[in-house]
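What the coordinates show
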Amino acid sequence: MISFELSGRFHAAYVRAMHGANEFPVIEFYAGTFTQPPTWAQLSGRAAAAGHARARFGVVGLAHRPDPAHQVLPVEAQQPHPPHGGDPLPGRGLWAMTDIMSLQEDVRNLFPDARPTVQQNS
């Protein structure tokens, strides 16, 4: 799982698969925004940010670590529970193709009214 920071808010995504030989990951965003990078406990059982796989993205350029902008942070590895959002609708595609720069606009579109709603206890 990863945390993606945009405009002071954190969005969590599950890495569903790697496309090709480590070419790029296919991720799916969890519902909700956070004031700090979320923990697995905060994400366990959480819904996807949109139903029918509309929160899934193949992100070219995301496989490169470290992230020079420090915008993408790993949360936890080896977690078997992706967000609950359902399978893609027939004829709608498995995921949307994007790149690391365009992902910012994709996240803004996915979370149009996003405000930090979940606080992490220190």
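Everything that follows concerns the structure shown earlier in this document.
Overview of the structure.

Reading the values: rules and limits
- Residues numbered from 1 in each chain as written.
- Predicted model: local features only at pLDDT ≥ 70, side-chain atom pairs only at ≥ 80, totals over all residues.
- Heavy atoms only, no water.
- Helix = DSSP H or I, 4+ residues; strand = E, 2+ residues; numbered from the N terminus.
- Buried < 20%, exposed > 50% of the residue type's maximum accessible area, 1.4 Å probe, protein only.
- Contact = heavy atoms within 4.5 Å.
- Pairing = 2+ DSSP bridges.
- Axes fitted to C-alpha atoms, helices over the stretch in contact; angles between N-to-C directions.
- Core = buried A, V, L, I, M, F, W, Y, C linked by side-chain atoms within 4.5 Å.
- Salt bridge = Lys/Arg side-chain N within 4 Å of Asp/Glu carboxyl O.

**Some remarks on the overall build of the protein**
Across its full length, the protein holds two helices and six strands. For the protein, the sequential pattern of α-helices and β-strands runs β-β-β-α-β-β-β-α. Looking at the 122 residues of the protein, the share that counts as buried comes to 37%. Considering only residue pairs separated by 6 or more positions, the protein has 74% of its internal contacts joining residues 24 or more positions apart.

**Concerning the sheet that holds strand β6 (residues 96-99)**
The six strands are arranged β5-β1-β2-β3-β4-β6 in an open sheet whose pairing can be described as mixed. Edge positions in the sheet fall to β5 (72-74) and β6, since each has one partner strand and no second. Ignoring strand direction, the axes of neighbouring strands in this sheet form an average angle of 35°. Two elements, strand β1 (residues 2-6) and β5, share three bridges in a ladder whose sense is antiparallel. When the bridges of β5 are listed, S3 appears paired with L73. In the packing of helix α2 (residues 103-110) onto the sheet, contacts are made with β1, β2 (9-19), β3 (24-29), β4 (56-60) and β6, and the angle to β1 comes to roughly 90°.

**Observations concerning the nonpolar core**
One broad trend across soluble globular proteins is that nonpolar side chains are buried collectively. Counting 16 residues, the largest nonpolar core has F4, I27, F29, F57, L103, V107 and L110 as its most contacted members. Within the second largest apolar cluster, eight residues are counted, among which are F10, Y14, Y30 and F34.

**Examining the environment of H19**
Relative to the elements of secondary structure, H19 occurs in strand β2. When the C-alpha atoms of H19 and V60 are compared, they prove to be 9.6 Å apart, with 41 residues separating the residues in sequence. Contact partners of H19, with chain neighbours within four places excluded, come to F24 and W95.

**So, the pattern of salt bridges**
Evaluation of the coordinates by the stated rule reveals three salt bridges. For E28, the salt bridge goes to R56, with nearest N and O atoms at 3.1 Å. Here R56 lies in strand β4 and E28 lies in strand β3, a separation of 28 residues in the sequence. Accessibility expressed as a relative area gives 11% for R56, which makes it buried. Salt-bridge contacts for R108 lead to E105; the nearest nitrogen and oxygen are separated by 3.8 Å. Here R108 and its partner E105 are both found in helix α2, three residues apart, which amounts to about one turn of the helix.

**Remarks on the pairing of β1**
Counting buried positions over the five residues of β1 gives four, a clear majority of the element. Inspection of the sheet shows β1 paired to β2 by five bridges, in the antiparallel sense. Note on β2: the bridge partner recorded for F4 is H11.

**Considering the environment of P83**
Tracing the chain through its elements places P83 in the loop between β5 and β6. Taking the relative accessible area as the measure of exposure, P83 reaches 6% and is therefore buried. Between the alpha carbons of P83 and E28 there is a distance of 7.3 Å; along the sequence they are 55 residues apart. Setting aside residues no more than four positions away along its own chain, P83 makes contact with Y14, R16, E28, F29, Y30, R46, A47 and A48.

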